[in-house]
Amino acid sequence: MYQKTVLDNGIRIVTEQMPGVRSISIGLVLEVGSRDEAAEVSGVAHCIEHMLFKGTSSRDAASLARMMDTAGGQMGAFTARDYTCLYAAVLDDYRTFALDIFGDILLHSLFEAESLRREQAVIFQELESGEEQPGKLVQELLKQQAWRGYSLGQNIYGNRDSVAALTTMKVVDFFKDHYGADRLIISAAGNLDHDDFVSQVNDVFWSLPKARLKATASVEPEFQGRITLRQRDSAHVYFALGAPAPAYTAEERYATFVLNTILGASISSRLFRRMRDEQGWVYEIGSNYHPYRDAGMFIVEGFTTPQNLLPVMESVLSELIGLIAEPVDQEELWRAKEYMRGEILISAEASNTRMSQLATQELYFGRFLSLDELVEGIRSVDAAQVQALASSLFQPGGLALAAVGAFQDSSLLEKQLADLIGL
């Protein structure tokens, strides 16, 4: 059963009791992410995520680590473009323990200069690691180039110069400006009683102040068609083709998810079946829909051999054109919807998934979307909607492409790819 309470200081608490489980998943979602950063402090939100676990006024980093290990399960954090999340999955009798840790790090973190220097060194390694993973790098390059000049296109980790320039004062100021009770959602799913959980949260977080800055309206980024090639000594070429897509709460979101499923979300999808099974051009290919507060991106990604990159991209575009030219037949549409229905219902049996859904629904919609509503939204999509959506997303000149690999003649390849996607 879903329930919601708002504390006096503005913290929103959303829970769902799940009978028959002994665990509880807790998430603290703060409405601040990399897109809230000015370019000169790019990466500061991710740095703060690290610093939160590096010592408070009563516990050092080692003590916090031992406490998290004692709780068992999982405790951690991550930074996204729209938000920052702290999470825990623990046995129900460690609920108070987990909340105490979260309260301590949000209320009493020290952000010491020496700890900052150590975490900057760790983040430099993360940046280098990202450069060494072409599958991740190509997607990052795509977003940086397609949304160039907009905060949504900034690397979540920042860059070496912006991270090196962070000082304790800059970190603390950003924290006080954005990490407040009025920007905090606490979600929980599992073996819990709502009123009891609310009481415990209030005991821990009642003194958390509001953020110094009010959340501002997002600036919708302009999607820019570009070709970006990055040379790497690799036997494969990793590629990511992007198209502008609806924002998280857009009415077209259900049709976008269905379109994604048909095109490349499973091993029976068009891309995988035709390019892996029939043509043997790729080992891995698929598509994903990445929605954010005010924009989204539809991405086709995978890897192939250098000599097959052009044929693969031609085949991908042929599939996109096919979705525009002809409506999806009813059997394929039904299979896609059933696949999604199964994903929604099966994943909802895990408390961490339900916790995550509760938090993101509150963040983006400000309300609860039941499983029945989600399934009905998927089932309501028809072939005409999918075709109309494909026509609006996959426009010549409106696509962006990034590729990472060993290119013999990158200038010629860039021209060939630009001609292919109409740039």
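For the structure, see preceding data.
Here we summarise the structure given alongside this text. None of these values were measured; they are calculated from a predicted model.

Moving on to the environment of K54. Take K54: it is sitting in the loop between α1 (44-51) and α2 (61-71). If we skip the residues at most four places from it in the chain, K54 touches A61, L64, S115 and E119.

This paragraph deals with the packing of helix α3 (residues 95-108) against helix α8 (residues 194-205). Look at α3 against α8: their axes get within 9 Å of each other, and the N-to-C directions meet at 30°. As far as their axial angle goes, α8 and α3 are roughly parallel. Crossing of α3 against α8: the hand is right-handed. On the side of α3, the interface is formed by R95, T96, L99, F102, G103, L106 and L107, while α8 contributes D196, F197, Q200, V201, V204 and F205.

All right, on to helix α11 (residues 309-325) then. Relative to the 24 Å expected for 17 residues at 1.5 Å per residue, α11 spans 24 Å between its end C-alpha atoms, a close match to the ideal helical length. Listed as buried for α11 are L309, V312, M313, S315, V316, L317, E319, L320 and L323.

Backbone hydrogen bonds are what pair the strands of a sheet, in a parallel or an antiparallel way. Taken together, 6 strands build an open sheet; the order of strands is β1-β2-β6-β3-β5-β4 and the sheet is mixed. Because the sheet does not close on itself, it has two edges, and the strands there are β1 (2-6) and β4 (74-79). On average, each strand axis in the sheet is tilted by 15° relative to the strand beside it, whichever way the strands run. As judged from the 6 bridges shared by β4 and strand β5 (residues 84-91), these two strands associate in the antiparallel manner. Across the sheet, residue G76 finds its bridge partner in β5, namely Y87.

Before going further, it helps to examine the packing of aromatic side chains. Per the counting criterion, the structure on display carries 14 aromatic pairs. Centre to centre, the rings of F78 and Y87 are 6.3 Å apart; their planes meet at 45°, and the pair counts as tilted. The exposure class assigned to F78 is partly exposed, which follows from its relative accessible area of 35%. On the basis of relative accessibility, which here comes to 27%, the residue Y87 falls in the partly exposed class. With centroids separated by 6.1 Å and ring planes inclined at 65°, the aromatic side chains of Y248 and F365 adopt a geometry described as edge-to-face. Placement of Y248 in the loop between β8 (237-245) and α9 (253-264) and of F365 in the loop between α13 (351-364) and α14 (371-379) is noted, with a sequence separation of 117 residues between them. Given a relative accessible area of 25%, Y248 falls into the partly exposed group. Residue F365 is classed as partly exposed on the basis of its relative accessible area of 23%. An aromatic cluster is present here, built from F111, F174, F175 and Y179 joined pairwise through their rings. The ring of F124 is capped by R160, whose NZ or CZ atom sits 4.1 Å from the centre of that ring.

What counts, and where the lines are drawn
Residues numbered from 1 in each chain as written. Predicted model: local features only at pLDDT ≥ 70, side-chain atom pairs only at ≥ 80, totals over all residues. Heavy atoms only, no water. Helix = DSSP H or I, 4+ residues; strand = E, 2+ residues; numbered from the N terminus. Contact = heavy atoms within 4.5 Å. Axes fitted to C-alpha atoms, helices over the stretch in contact; angles between N-to-C directions. Parallel < 35°, antiparallel > 145°, perpendicular 65-115°, else oblique. Left-handed = near helix turned anticlockwise from the far one by under 90°. Expected span 1.5 Å × (residues − 1). Buried < 20%, exposed > 50% of the residue type's maximum accessible area, 1.4 Å probe, protein only. Pairing = 2+ DSSP bridges. Phe/Tyr/Trp six-rings, centres within 6.5 Å; stacked < 30°, edge-to-face > 60°. Lys NZ or Arg CZ within 6 Å of the ring centre and 35° of its normal.

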